[in-house]
Amino acid sequence: MLILYNFEQLINLNFTVHQKSIKTYNMKSHYFFILITCLLLSCKNSKAPESKNANLDEIENLYFSTDDITKIKHKIHNYTNNFTLNKDEFLNIHFTLDKPLIQSLQTIAPNLTEHELLEKGNFQFSFLVDGKTVYVENLNKGAGLKASKTEQLNHTIRLAAPKQLDYWGWFMWLKFMKLGGGQDELSKGSHSLSIEVKPYIKQETLSVGNLLAKGEITVEVAEIPVDKNLISIQKIQPNSDWKISKDNFDKNKIEALNRKIAENRFESINGIVIIKEGELLIEEYFNGETRDSLHDPRSVGKSIASTMLGIAIEEKFIKNENALLKEFYDLKSFNNYSLKKDSVSLKHILTMSSGFQGDDNDNSSIGNEENMYPTKNWVKFALDLPMQEDRKIGKDFAYFTAGVVVLGDIIDKSVPKGLVSYADKKLFSPLGITNYQWEYTPQKVGNTAGGIRLRAIDFAKYGQLYKNKGLWNGKQILNAQWVEKSLDKQIEQSLDDGSYGYLFWNKTFSLNNKDYEVSYCSGMGGNKIFIFKDIPFVVVITSSAYNIPNAHANVDKMMIEYILPAIIEKE
């Protein structure tokens, strides 16, 4: 406005000059007016927020938009300083570099070739909430086309969207929110969200270059409307096969948890069953499941294979867990035979330390379970695998589902009428479990890789059996020594710095400076049966968050922040 005001003063000058001067002046004024108008229109159309920093040395060149950019023509973006989480569907960032990324990478590692730079480096994105760094991602080499790193200056990156995008920016936002702590930092109220962009090179050590782009936006967190009926404690219905506990617990904590489940903060939770001293304390269901729902717990079923092996050993159908694979199969008839295979025992399969080239946590592993399922014979798939030469049998942990399939096949061949009939007679019927469903291998053997479906309240019976050291209604269903071995810390496992027993996991929850040791069954999607060592609880959580990367972390958070505080008596 100041420019326009001065321009009005200029054209109102007292014209006391001669005619030629007036003509020349009017022509110049006309051109000047056009120039000013164009500049003003240009500023208006860009809609970029003004820099919040008076210091010109401070980079502030990253802008935000909340449009569906797939529907915007001519690439004219409506930049904004505000984003409403849980309401605005889209969030994008835009920044312009002075030079392509590759040149910044060359500054960090001038001795590397262009190919080496692109193999070892990319953009680093840092997410800061209220000035605190919450999440940092060093993009892998596959994020972004080569041209975007060697030629491109203008970058538009899609972050939040209502549906999954096959795009690295969407996955980065998901990791920031779900794995990096973003959804907890942005839980309620108003916050500042800053994003910083730098180049990085990862060789023996990580080298990070100078700041390339930075921007800030205000995030308002909208309250998620939920049905109040979903928050209230659910009344335990009769005919549960359990005596109902009369003990108290912190109802406010459980209602707060129910709200988080209703808000989808803890995604796809289906059931929570808590047993205290052998009595039913809490029973809650969500997302369409009820007490009668048969739930797929994925790899929780592996633990049942351990149970059935223990019963088969107790009844002398199998010698013991030190029996060797070669006692059940002619290993020389399978591919990749080696003397090393001859030393693999059932115990090595139970402890995920068999030494085969199989690792479900390594997508490139030839023995990954995803390579097994399309084959016609899963046992042959497992026994055909070569041995991992640098892996010590009985010492080195590698999660190997195909090995547990072999274990199920051995039990099936060794017990009367096969695994499924034997499990019904020796395990499920004594526990009063009549409503369940097996999955099967291509050879029609009960699938011990996982997937056996039970009701959540019946998974609790299974957990309580181990809490009781194998005793149920006065009858010893499972040998107490086998229970002890199964839940013991047989081998260290590297996945979460815990330990592993006989197809059971071990970890420690810490709460108020006190540790609580727990053994547990675990399945994809956050399915758990927790059997606590020194406190009188069994906790079952069923979930169908099968492809959500933070499913297990969500369950741990539920346990530490809600469930354990609610059920542990205050001293």
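Right, let's walk through the structure included here. (Residues numbered from 1 in each chain as written. Predicted model: local features only at pLDDT ≥ 70, side-chain atom pairs only at ≥ 80, totals over all residues. Heavy atoms only, no water.)

On to the pattern of salt bridges. Using the criterion set out here, one finds 28 salt bridges in the structure. Of the charged contacts in the structure, one is a salt bridge between aspartate 296 and arginine 298, with a shortest N-O distance of 3.1 Å. According to the relative accessible area criterion, arginine 298 is partly exposed, its value standing at 29%. As a salt-bridge pair, aspartate 409 and lysine 413 come within 3.7 Å of each other at their nearest N and O atoms. With aspartate 409 and lysine 413 both in helix H13 (residues 401-414) and four residues apart, this pair spans about one turn of that helix. Overall, aspartate 409 belongs to the buried group, its relative accessible area being 9%. Several salt bridges share partner residues, and in doing so they unite Asp241, Asp292, Arg455, Asp458 and Lys461 into one network. (Salt bridge = Lys/Arg side-chain N within 4 Å of Asp/Glu carboxyl O. Buried < 20%, exposed > 50% of the residue type's maximum accessible area, 1.4 Å probe, protein only. Helix = DSSP H or I, 4+ residues; strand = E, 2+ residues; numbered from the N terminus.)

Here we come to the pairing of strand S5 (residues 121-129). Counting buried residues along S5, nine of its nine residues qualify, which places the element largely inside the surrounding structure. As paired elements, S5 and strand S6 (residues 132-138) share six bridges and run antiparallel to each other. Looking at S6, one finds that serine 126 is bridged to valine 136. With antiparallel pairing between neighbouring strands as the criterion, S5 and S6 make up a hairpin whose turn holds two residues, including aspartate 130 at a positive phi of roughly 55°. (Pairing = 2+ DSSP bridges.)

Nonpolar side chains tend toward joint burial in soluble globular proteins. Counting residues in each nonpolar core, the largest one holds 112 residues, and the members touching the most others are Leu325, Phe428, Phe530, Phe532, Met559 and Ile567. Look past the residues within four positions of phenylalanine 428 in its chain and what remains in contact with it is Ile304, Ala423, Ile433, Tyr436, Trp438, Ile452 and Leu454. Counting 47 residues, the second largest nonpolar core, distinct from the first, contains Leu112, Leu159, Leu165 and Ala213. (Core = buried A, V, L, I, M, F, W, Y, C linked by side-chain atoms within 4.5 Å. Contact = heavy atoms within 4.5 Å.)

Our next topic: helix H14 (residues 418-428). For H14, the full list of buried residues reads Gly418, Leu419, Tyr422, Ala423, Leu427 and Phe428. Considering only its buried residues, H14 is in contact with helix H9 (300-314), H13 and helix H15 (456-467).

For the rest of this paragraph, the subject is the sheet that holds strand S20 (residues 537-543). Judged by pairing direction, the sheet is antiparallel, and its eight strands sit side by side in the order S12-S11-S20-S19-S18-S17-S16-S15 without closing on themselves. Every other strand in the sheet has two partners, leaving strand S12 (279-285) and strand S15 (491-492) as the edge strands with one partner each. As paired elements, strand S11 (residues 269-276) and S20 share seven bridges and run antiparallel to each other. By the bridge assignment, glycine 271 is partnered in S20 with threonine 542.

Two elements in contact, H9 and H15, have axes whose closest approach is 12 Å; the angle formed by their N-to-C orientations is 45°. Regarding the angle of H9 to H15, the classification is oblique. Along this stretch, H9 crosses H15, giving a crossing that reads as left-handed. Taking contact as the criterion, the partners of Val300, Ser303, Ile304 and Thr307 in H9 are, on H15, Phe459, Tyr462 and Tyr466. (Axes fitted to C-alpha atoms, helices over the stretch in contact; angles between N-to-C directions. Parallel < 35°, antiparallel > 145°, perpendicular 65-115°, else oblique. Left-handed = near helix turned anticlockwise from the far one by under 90°.)

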